[in-house]
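Breakdown of the fold
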Amino acid sequence: MEKLVMDYLWSVNTPTTVREVHEAISLHRSLAYTTVMTVMNRLARKDLLTQHRDSRAHRFSPTQAQSELVANMMVDALHEAHEPNGRSTALMRFVGEVGVDELATLRRTLAELDDATLRGRSA
């Protein structure tokens with residue numbers, strides 16, 4: 001349910017009321033208004049949504065872009081790998097799951113990091 005709410009808010013890209021989210025999501029799933037409100041308040045407490053006061057209603061918007069949230073989750077997951085070689089194993093598994101385009105992005109990023117490191121050492 002949280003993912004459904006977040007996906008909708010990212011798609012509209014504007015502060016949105018609980019009622020608006022409820023109406024949009026209810027087109028595909030039968031949900032109580034209070035359920036949507038509870039989920040959105042929970043997401044706000046987790047700092048995933050920001051509440052904006054608008055007259056009598058609150059409008060909600062994501063605190064970060066979807067790509068930023070996913071990147072933060074990936075970094076957090078890496079930090080959870082405590083066993084010996086855990087991070088290496090997790091990275092290898094991740095790289096084994098990505099597609100050709102993502103591999104090209106990883107290679108490009110690693111090359112840029114290498115270049116930046118070399119420039120930093122020569123400065």
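Given the structure is predicted, the values throughout are model-derived calculations rather than measurements.

Cut-off values and rules
- Residues numbered from 1 in each chain as written.
- Predicted model: local features only at pLDDT ≥ 70, side-chain atom pairs only at ≥ 80, totals over all residues.
- Heavy atoms only, no water.
- 1 Å grid on protein atoms, 1.4 Å probe; cavity = no way out; pocket = protein on both sides within 12 Å on 5 of 7 lines; lining within 4 Å.
- Points joined across faces, edges and corners; volume = space filled by probe spheres on them.
- Helix = DSSP H or I, 4+ residues; strand = E, 2+ residues; numbered from the N terminus.
- Nonpolar A, V, L, I, M, F, W, Y, C, P; charged D, E, K, R; others polar.
- Pairing = 2+ DSSP bridges.
- Contact = heavy atoms within 4.5 Å.
- Axes fitted to C-alpha atoms, helices over the stretch in contact; angles between N-to-C directions.
- Buried < 20%, exposed > 50% of the residue type's maximum accessible area, 1.4 Å probe, protein only.
- Salt bridge = Lys/Arg side-chain N within 4 Å of Asp/Glu carboxyl O.

**Brief notes about the layout of surface pockets**
Within this model, the largest pocket holds a volume of roughly 300 Å³. Lining the largest pocket are V70, A71, M74, V75, A77, L78, A90, L91, R93 and F94. If you tally residues by element for the lining of the largest pocket, the top one is helix 4 (residues 66-79), at six residues. Of the residues in the lining of the largest pocket, the class split is nine nonpolar, no polar and one charged.

**Quick look at the sheet that holds strand 2 (residues 49-54)**
Strand order in this open sheet of three strands is 1-3-2, and the pairing throughout is antiparallel. Every interior strand has two partners, whereas the edge strands, strand 1 (16-17) and strand 2, have only one. In this sheet, strand 3 (residues 57-62) lies alongside strand 1 in antiparallel orientation, the contact comprising two bridges. Each residue of the ladder has a partner; that of T16, found in strand 3, is F60. Relative to strand 2, helix 3 (residues 33-45) is tilted by about 115°, and along the sheet it contacts strand 1, strand 2 and strand 3.

**Re helix 2 (residues 18-26)**
When helix 2 is considered as a whole, its buried residues turn out to be V18, V21, H22, A24 and I25. Where helix 2 is buried, its residues meet helix 1 (2-12), strand 1, helix 3 and strand 3.

**Looking at the pattern of salt bridges**
Tallied over the entire structure, the rule returns six salt bridges. With a closest N to O distance of 3.4 Å, E2 and R42 form a salt bridge. A residue pair is termed long-range when its members are at least 10 positions apart, and E2 in helix 1 and R42 in helix 3 qualify at 40 residues. For E2, a relative accessible area of 23% corresponds to the partly exposed category. Linking E20 and R59 is a salt bridge whose minimum nitrogen-to-oxygen distance equals 3.1 Å. Taken together, the residues span a long stretch of sequence, with E20 in helix 2 and R59 in strand 3 at a distance of 39 residues. Take E20: its relative accessible area is 32%, and that puts it in the partly exposed class. Connected via shared salt-bridge partners are E2, R42 and K46.

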